[in-house]
Amino acid sequence: MSNIKNTANSVDEVGSVNRAQIEHRATWMGLIYDELLKAGLDAEGIVRRAVKRCGLMHGEGIKKKCADPGDCQEFRKVFLSDLVVKTFDMRPINADAGSLTVDFHYCALISAWQKLGFDDKTCDLLCDIAMEGDRGIAEAMGLNFELGDTLAKGCQSCKLKFTKK
């Protein structure tokens with residue numbers, strides 16, 4: 001029995017479509033990871049590096065859109081669109097010039113991995129690998145990244161914190 005509490009709140013049609021797209025992406029990630037494992041390759045290392053590269057690319061794009069990339073309030077405006085906030089049921093979100101903290105109460109990635117039949121330990125690992133994207137975004141933005149509680153560890157929310165270096 002799973003200890004992961006990942007209950008979807010109600011969202012509008014656009015939010016539902018976005019969740020489905022994220023689940024699709026997570027399905028690919030999970031199956032690629034699984035196939036790399038079956039092939040006897042360094043699945044974790046390979047997927048981590050790929051996700052980090054993606055995060056670095058996204059981070060550069062976010063940085064270019066920020067009026068002041070060194071201000072975490074500006075970062076919040078670009079990084080956390082209304083759709084993203086709705087999709088991941090993010091609350092609370094706190095931002096000031098030096099930090100951004102956000103709690104996720106739902107994760108479509110975890111939903112996909114559970115549908116694939118991955119156990120809690122694998123979901124937790126895949127979650128941490130997926131966070132390489134956020135780590136890459138933070139790095140590209142020149143921010144520190146801290147990951148606290150996660151839904152994949154059975155916590156009530158995922159707690160992310162970005163701070164100025």
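Before any of the text, the structure's been laid out above.
Residues numbered from 1 in each chain as written. Predicted model: local features only at pLDDT ≥ 70, side-chain atom pairs only at ≥ 80, totals over all residues. Heavy atoms only, no water.

## Examining the side chain of Ser111
Then, in step 1: Tracing the backbone through its elements, the reader meets Ser111 in helix H5 (residues 108-115).
Then, in step 2: If near-sequence neighbours (up to four positions away) are discounted, Ser111 is found in contact with Asn6, Glu23 and Tyr106. (Helix = DSSP H or I, 4+ residues; strand = E, 2+ residues; numbered from the N terminus. Contact = heavy atoms within 4.5 Å.)

## A look at the packing of aromatic side chains
Working definition: an aromatic ring pair is given by the centre-to-centre distance plus the angle between the planes.
Then, in step 1: Enumeration over the complete set of coordinates arrives at five aromatic pairs.
Then, in step 2: With 4.8 Å between their ring centres and 10° between their planes, Phe75 and Phe79 make a pair best called stacked. One end of the pair is Phe75 and the other is Phe79, both in helix H3 (residues 72-79) and four residues apart, which spans about a single turn.
Then, in step 3: Judged by its relative accessible area of 0%, Phe75 falls in the buried class.
Then, in step 4: Here the aromatic rings of Phe79 and Phe162 are separated by 5.4 Å at their centres, their planes lie at 75°, and the arrangement is edge-to-face. (Phe/Tyr/Trp six-rings, centres within 6.5 Å; stacked < 30°, edge-to-face > 60°. Buried < 20%, exposed > 50% of the residue type's maximum accessible area, 1.4 Å probe, protein only.)

## Examining H3
Then, in step 1: Within the span of H3, buried status applies to Cys72, Glu74, Phe75 and Phe79. For H3, the arc enclosing every buried residue in end-on projection is 150°, short of the 170-degree limit, so these residues lie on one face.
Then, in step 2: If you check the start of H3, you find a side-chain oxygen 2.7 Å away from the backbone N of Gln73, and it comes from Asp71. (Arc of directions from axis to C-beta. Polar contact = N/O pair within 3.5 Å; in protein donor to acceptor, adjacent residues only side chain to side chain.)

## Regarding the sheet that holds strand S4 (residues 158-164)
Then, in step 1: Taken in spatial order, the four strands line up as S1-S2-S4-S3 in an open sheet, and their pairing is antiparallel. Unpaired on one side and paired on the other, strand S1 (90-96) and strand S3 (143-147) mark the two borders of the sheet. Going across the sheet, the axis of each strand differs from the next one's by a mean of 10°, ignoring polarity.
Then, in step 2: Where S3 meets S4, five bridges bridge the pair, whose relative direction is antiparallel. Its bridge partner lying in S4, Glu146 is registered against Lys161. (Pairing = 2+ DSSP bridges. Axes fitted to C-alpha atoms, helices over the stretch in contact; angles between N-to-C directions.)

## A word on the packing of helix H1 (residues 13-38) against H5
Then, in step 1: In contact at an axis separation of 8 Å, H1 and H5 are set at 55° when each is read in the N-to-C sense. As far as their axial angle goes, H5 and H1 are oblique. For the crossing formed where H1 meets H5, the hand is right-handed. Facing H1, whose interface residues are Arg19, Ile22, Glu23, Arg25, Ala26, Thr27, Met29 and Gly30, H5 presents Ala108, Leu109, Ser111, Ala112, Trp113 and Lys115. (Parallel < 35°, antiparallel > 145°, perpendicular 65-115°, else oblique. Left-handed = near helix turned anticlockwise from the far one by under 90°.)

## Description of unusual backbone geometry
Then, in step 1: The linkage connecting Arg91 with the following residue, Pro92, adopts the cis geometry, with an omega of -10°.
Then, in step 2: Positive phi values are uncommon outside glycine, yet Asp89 reaches one of about 45°.
Then, in step 3: As for its position among the elements, Asp89 is in the loop between helix H4 (82-87) and S1.
Then, in step 4: You can call Asp89 buried: its relative accessible area is 9%.

## Section: the pattern of salt bridges
Then, in step 1: Inspection of the entire model under this criterion finds 15 salt bridges.
Then, in step 2: The partner of Arg48 in a salt bridge is Asp128, with the nearest N and O atoms 2.7 Å apart. One end of the pair, Arg48, is in helix H2 (residues 43-65); the other, Asp128, is in helix H6 (residues 120-141), with 80 residues separating them in the sequence.
Then, in step 3: Residue Asp128 is classed as partly exposed on the basis of its relative accessible area of 24%. (Salt bridge = Lys/Arg side-chain N within 4 Å of Asp/Glu carboxyl O.)

Geometric descriptors of this kind do not, in isolation, establish any biological role.
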